[in-house]
Each structure stands twice: as C-alpha cells, then as structure tokens.
Amino acid sequence: MEGRAAGSIGSADEAAVIAAYAVCRAIARREAKNFYYAFVALPLPKRNAICAIYAFMRQADDLADDESLPIDERRARLNAWLSAWRAASAGGATSDPVFVAVRDATFRYAIPLILLDELVAGVTMDLTSAGGGAPDTYANFTDLYRYCYLVASVVGLVCIRIFGYTDPRAEKLAEETGIAFQLTNILRDVAEDAERNRVYLPLDQLKAHGVQLDSVLHGKKGAQPTENERAVLKEIGQRAERYYASAQALMPLIDKESRPALWVLVRIYHALLKRIERAQFDVFSQRVSVPTQEKIAILLVGLARMAWVRVVG
C-alpha cells in the first residue's frame, strides 16, 4: 500500500511540524537503542515518520511503566493521554510535539489510526493485573501471540506503510516479523520481567517441561537456568527463528529505498537471538545484548546498501 503524497495536514504550521519531528528524532536517538540504527538507514522523510511513531510508543510505554505510581493511576493517565491523542488526531489543538508529528505522519503515509489504538491496547495489557499480588502470566502461546501482536506486530504494520509496499502479502509477513522481534525481547528479559512479577513464558510450556512458575519468578538471583528451564527457552527461540523467515520474505516486498533499514533492524534483532542461543539460553545470570560496535558495523553495511539503491535507482 502506497502512502499518500507528502503534504501538510489541514492548517498545521509547517515550522511547527518540522520542529515536532526534530523532537521525535531526539527521543529516538536517546531511547531507541536497536531501532535507531535502522532509522538512520532511511531517507529523511521516512526517518521522521518512523521516529514520530517511536516517540508515540515511548510515551505510552513510559506512562505504563512508571512504577512510582499504582497501576490504577497509571491506567488513568494512559487513558487521559489516549483521549488527548484522539482529540489531536481529529484536528484539535495540541501543544504536544509528538502528537503534532504523529498526526502529520499518519496523514502522509495513510496509517490507519486503529493501528495506534491497538498499540496502546497492547501497552494496557501490562496494566491488567491478576490482582492479589498474583503474577501476570499467559496460559498458552495463542494468548502470548495476541500480546506480541499488539505490542510488536502492530508496529510492523505501521512501519511497512511508511516503508511503502503494494503486495498485500507484506502485511502478514510484517505481523510475523514483529512476533520474531518480541519473542527475542521476551527471551532477553526473562529475569527482568520476573522482578516485575511478569512471566511471558506460556504456562503450558512451563508445565510440559516440568518447570514451576515459582522457579522463574523467585529463582536465585544470578543463577544459571536449569536444563528444564533451558528447554522452555529453547522452544521459544525455535519459534522466533521460524518467524525470522517471514522477515526475509518481507524484504523484497517493500520499497527499495526502505529495504536497507529493514535489513539493519532484522540483522540486529536476529544477532541478539543468536547470542542468546550461543549463551545456551542463560538469560538469568546475564543480560545478553549485541555490542555497540557490532551494531555500528551492521549500520554501515545498511548505509552502503542505501547509497547503492540511490545510485542504481
């Protein structure tokens, strides 16, 4: 699906829009980590739009993750923020530069506003406490897939509208690419999530491998995973590997000038999964990451690919 021709939305002041995009680029540069390396490999108009979407996501995440506030208060603030966004997206006055930029980006690239609603719905899932101090869990992979869809696949569906595509197969492939990324994040963050009373590993998979939920939530800090725990993590990793095949299939379906950025993003996330695999899924005693120098090397290849696309047309 091609985006609409670039242009201002309504009577929005062009200088205000330019300034708003600058704010979003600064947020992405400061916070985006893996994502920002891919953003740099995009032409400026698309980079602006992607940074705006990222800044929007960051605002939602920050509201949901502010653990200095009770869950009810976080939920109320998130709902108020969403109402303010909906008013701004309908053309209402707003002083929030992120809203200004996202409103412009959704117009320029024909991004359905329902996708942004779904993204916020995914963030809200983390605020749906089981109550009584019970941990947040997912019964099976079907339930986990729905969560991953809302917090990651929806981002992919927004991104491909900015990247540009015409083949409708790109939408399912973008959805599954988002699943691959989120499963990778889940594997990396098992210990950190447990400290927040969250376990994203499906309960039926824990049971099938003889792993007690308590051992994930309250395991000895810094201890390596047991063989049974490794088996659960490996199963999630194998699922992620299958979804990375969708990322490769997506690549030729998006506009040529956007492919280097997608390549950078996929390469960095897949490198993270590979490092987790090489660590034999020990994500308890260490936090696995891709070193900055490796990310820079991947980015440089992406930038070379972008330059080549511009040369050959």
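Scroll up to find the structure this text is about.
Note that the structure is predicted; figures quoted are calculated from it, not measured. (Residues numbered from 1 in each chain as written. Predicted model: local features only at pLDDT ≥ 70, side-chain atom pairs only at ≥ 80, totals over all residues. Heavy atoms only, no water.)

1. What about the overall build of the protein?
Move 1: When you go through the protein residue by residue, the secondary structure sums to 14 helices and 0 strands.
Move 2: Listed N to C, the secondary structure of the protein is α-α-α-α-α-α-α-α-α-α-α-α-α-α in terms of helices and strands.
Move 3: Taken over C-alpha atoms, the radius of gyration comes to 20 Å for the protein, in line with the 20 Å a tight globule of 313 residues would show.
Move 4: Dimensions of the protein along its principal axes, counting C-alpha atoms only, are 60 × 45 × 35 Å. (Helix = DSSP H or I, 4+ residues; strand = E, 2+ residues; numbered from the N terminus. Rg over C-alpha atoms; globule rule 2.2 N^0.38 Å.)

2. Here we look at unusual backbone geometry
Negative phi values dominate among residues other than glycine, just as trans dominates among peptide bonds.
Move 1: Unlike most non-glycine residues, K33 shows phi in positive territory, near 50°.
Move 2: Structurally, the position occupied by K33 is in the loop between α1 (14-31) and α2 (34-39).
Move 3: Taking the relative accessible area as the measure of exposure, K33 reaches 59% and is therefore exposed.
Move 4: The phi angle at N197 is positive, at roughly 65°, despite the residue not being glycine.
Move 5: Looking at the element boundaries, N197 is found in the loop between α9 (190-195) and α10 (203-208).
Move 6: The exposure class of N197 is partly exposed, given its relative accessible area of 26%. (Buried < 20%, exposed > 50% of the residue type's maximum accessible area, 1.4 Å probe, protein only.)

3. Here's the deal with the pattern of salt bridges
Move 1: A complete count under the given rule lists 20 salt bridges for this structure.
Move 2: Residue R75 is joined to D72 by a salt bridge in which the shortest nitrogen-to-oxygen separation is 2.9 Å. A residue pair is termed a helical-turn pair when its members lie 3 or 4 positions apart in one helix, as R75 and D72 do in helix α4 (residues 71-89) at 3 residues.
Move 3: D72 gets classed as exposed once you look at its relative accessible area, which sits at 57%.
Move 4: The shortest N-O distance in the salt bridge between K274 and E277 comes to 3.7 Å. With a gap of 3 residues between them, K274 and E277 both fall in helix α13 (residues 259-278), about one helical turn apart.
Move 5: Judged by relative accessible area, which is 32%, K274 ranks as partly exposed.
Move 6: In this structure, a network of salt bridges that share partners links the residues R188, D189, E192 and R287. (Salt bridge = Lys/Arg side-chain N within 4 Å of Asp/Glu carboxyl O.)

4. Section: the environment of Q280
Move 1: Assignment of secondary structure puts Q280 in the loop between α13 and α14 (292-312).
Move 2: In this structure Q280 comes out as exposed when scored by relative accessible area, which is 55%.
Move 3: Residues Q280 and K221, 59 residues apart in the sequence, show an inter-C-alpha distance of 18 Å.

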